[in-house]
Amino acid sequence: MPFDRRHAARRFIQPCCQGQQQSRPFLFLPMRPLAQIVAVIAGGFILSVGLPDPAIAQIVAQAPADSQTSTARQYYNIPAGPLASALRSLASSAGLLLTFTEGQISGKTTGGLRGQYTVQEALAHLLGNSGLQVTRLANGSYVVQKMSTIEPSPANVTLPLMTVSAPTLKQGTAEEGYQVSNISGIGLWGERSLRDTPYSMSVVPADLIENVNAQNMGQIFKMNPLTQEPFIQNFTGVPFATIRGFQTSSPVYDGIHLYANGSAVSVIEIDRVEILSGTSGFLYGGNRVGGAVNYVTKNSTNVPLRRLTFGNYGGTQFYGHADIGGKFDDRGRFGYRANLLYQGGDTAIGEPINQKVANIVLDGHLTDTLYADVKYTYNDYSKEATQPLFYMRERISIDTSKRYSPKWASNDLESHKAYTSLRWDPTKYFTLRSAFFYQDTRMRVNQISLDEQANKTFIPRMTNSPWEKHENYGGYIYLDSRFSTFAVDHKLTLGYSSTFHEMLLRGNGTVYLSGNTNFLLSELKNIAEPDWGASFGSGSMATAYTTRNDNILIGDDISFNDQWSAMVGLNYATTAYKLDGIYGDSNYEKSKLTPTASLLYKPIEKVTTYVSYMEALEASIIVGNTYANRGEVLSPLLSKQYEVGLKYDINPNLLLSTALFRIEKTNRYSDLATPIPRYVQDGLQVHNGVELVLTGKVTDNLTIMGGGTLMDIGVEKSNDPALEGKKPTNAASRMGKIYAEYALPWIPGLNLTGGIYYTGERYANVANTDKIPSYTLYDIGARYTTRVLDKALIVRLNVINLTGKNYWQDQYNLGVPRTIAFSVSTMF
């Protein structure tokens, strides 16, 4: 079963000691940007280590009154792991008030819970042989105590509050410092603790996406310490994120690998984004050397949710969003979720946008051991006057606050997406997990590219693709078996995953026209639309190419004792292409056995260290339409990664992660020939680096998400001696980022937010003669939470790129201009 958001807890943490000195507000110090970030992270680490955990935790979950009766039975599915997480999940699911001290449960674990239980039975099962017991008080609440403790009365229990009261009952809330304890799963490995996952990862929850008013994932990746700010594919909204110096474009959707073309993703359907930094071909199949981005979508809520949000993404882009969820039955077995969005208006630079999204979810426990869900998303998106691509002779600064394309440079997309998953737990020894995905996308793209001339004018190149169709199929089936050999515990997983993509074009496909007139930048938005020819868009729809990835996997999650564990696996990976029509007629298929191995050691309960090795078959690619050798198939590649890492739970809501890594991969690049470049592969890219990420609550009032990446990258063993020692294109060797929120103690409900995001210099060409300058971006904002007519109300304001910095996202795309976004959310 995919990670069940219903079992997670939202906590409001109040100071445990009266009169404790409050931390100072977040300050912008007069340092260099990277130094600012390092100083703030270091200060936060010192602050957090010096602060004690709250003395007593009181968990309250809002639920119907009948759910709190001691005799009512309810279905629970709580995974094994830390006792604290399990108790919070139970309190959230059952809708009860549960009190315990952090000292009581620190370091204790539980075997989990699955099936129908009363509250008393469920609590007793989780506590097991922990030496603890639970007592029900007269007011219906519960207290965890040592077995020898005398039952207290309500009058002698002092409770500094840690409260679970969110209607969505999910992990990673703002009150938790956006920290997530479990991941939904990664490849064939199922749900597991983030700290005990032997890969560098960062999780972005829905609360953060909403609170920064992100209209797509570009804003989130700009803030994330592991990713460069990406170019957003205009016609699908899919970000082309760069992780560890490698571009990652193909998304993962609820654990299923997809192809970038036609894989539209909307922020309103996302519950969290799990960002894996590093080679992931073993986990998801080919084409992910630097990392993978898994979009985990929303499920039903455990208690009724009725929320309306009205806002503006910048310019005149007003939008309305409804989020509705709950359960159909009193027992909470079957649930629903619906997210609806309408967006219309102009961006901050005058690009007209219109978008309609509908996301529907039905899920439930068909039996005590069988869970299933069905999800459907419709997306209708159109955009005019899309900014052009720039091919520069000299890397000059261009004003990003202006539009440079006429309105006829536009794109349209219509997508239907369906997903279903199933989880069956017939016994405690076996679990069957499966999922299937299908997406049907129709889209058209009209794009302008600009070639800079020596006199600083530009000659436009124009492409127009008639309506084309993309079909994405994907799925997996995994069987988990649990057993022991002597004193060693195993979770052995066998499985198969597959992805298939078909592209259908009408007639002769894309039309390419090159201009012969020089234009100033100020003149470009007035150029007339050319004549695309009488036959443009005519003819029948026919297959242009198909791609397929198959993976046969086996993995063993081995636990030797409480300190030592290992994860080993093999993937027999196959990548295949078939070209038809305008791309010619050819087939290609290659298979290879790729291994992975990880060793984990926990010197103390709160610290996990690991070493890992992974190989991955990187899929062959078809050269895209913007290159002279379009349609050419480049052969598959094999990449290798070595990684050493450490993860430390500084406190229950603050996680520090760091990793050292080395990645080896064949170099692919554009030769930037004029007038049209070629896309080729030659040489070996070697990326050595270190990452650090700190996420969570440093104090009760201060939340940070920060960190950075330092890399030594270069090209080795090239057939072209001129490439030896050169740096790969669009790969920043240095990044430092921090986002912070500070809750003003003297104005309850008011949070000040802000961020500093530094990206180092990169190169736009393989000869390293075109340097993309480094840049630092600043964001500020505020969020106010209150109640009006006894309904929760949240007001958010964000200023993106506060200083109006002109910068380049990559070698072809301009950065995001200063943008003011705001929203108001209320329950109804």
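Residues numbered from 1 in each chain as written. Predicted model: local features only at pLDDT ≥ 70, side-chain atom pairs only at ≥ 80, totals over all residues. Heavy atoms only, no water.

### Side note on the pattern of salt bridges
Evaluation of the coordinates by the stated rule reveals 36 salt bridges. R444 is the salt-bridge partner of D412, the closest N and O atoms lying 2.5 Å from each other. Note that D412 is positioned in strand 27 (residues 411-427) and R444 in strand 28 (residues 430-452), a separation of 32 residues in sequence. Judged by relative accessible area, D412 falls into the partly exposed class, the value being 22%. On the basis of relative accessible area, R444 is assigned to the buried category, the value being 15%. E452 is paired through a salt bridge with K456; the nearest N and O atoms lie 3.8 Å apart. Looking at E452, the relative accessible area reads 3%, which means it is buried. For K456, a relative accessible area of 36% gives the class partly exposed. (Salt bridge = Lys/Arg side-chain N within 4 Å of Asp/Glu carboxyl O. Helix = DSSP H or I, 4+ residues; strand = E, 2+ residues; numbered from the N terminus. Buried < 20%, exposed > 50% of the residue type's maximum accessible area, 1.4 Å probe, protein only.)

### Looking at the environment of I396
Positionally, I396 belongs in the loop between strand 26 (389-391) and strand 27. Sequence separation of I396 and P773 is 377 residues, and the distance between their C-alpha atoms is 9.5 Å. When sequence neighbours within four positions are dropped, the list of residues in contact with I396 reads E452, K456 and W808. (Contact = heavy atoms within 4.5 Å.)

### A short note on the confidence of the model for the protein chain
Any residue range with low pLDDT should be treated as having predicted coordinates unsuitable for detailed reading. A residue-level look at the protein chain finds 81% of positions with pLDDT of 70 or above and a mean pLDDT of 82. Note on residues 36-69: pLDDT is under 50 here. Beyond four places in sequence and across chains, it has 101 contacts. Of the regions scoring below 50 in pLDDT, residues 148-169 engages in 65 contacts with residues more than four places distant in sequence or in other chains. (pLDDT = per-residue confidence, 0-100.)

### A word on the sheet that holds strand 15 (residues 239-243)
Strand order in this open sheet of 3 strands is 14-15-16, and the pairing throughout is antiparallel. Each having just a single partner strand, strand 14 (227-232) and strand 16 (246-248) make up the two edges of the open sheet. Sheet twist, expressed as the average angle between the axes of neighbouring strands with direction ignored, equals 25 degrees. Pairing of strand 15 with strand 16, which is carried by 3 bridges, proceeds in the antiparallel orientation. In the sheet register, I243 faces strand 16, and the bridge partner there is F246. (Pairing = 2+ DSSP bridges. Axes fitted to C-alpha atoms, helices over the stretch in contact; angles between N-to-C directions.)

### Digging into the side chain of S465
Looking at the secondary structure, you find S465 in strand 29 (residues 458-485). Side-chain polar atoms of S465 contact the side chain of T510, separated by 2.7 Å. Ignoring anything within four residues of it in the chain, the contact list for S465 reads R444, V445, T510 and F536. (Polar contact = N/O pair within 3.5 Å; in protein donor to acceptor, adjacent residues only side chain to side chain.)

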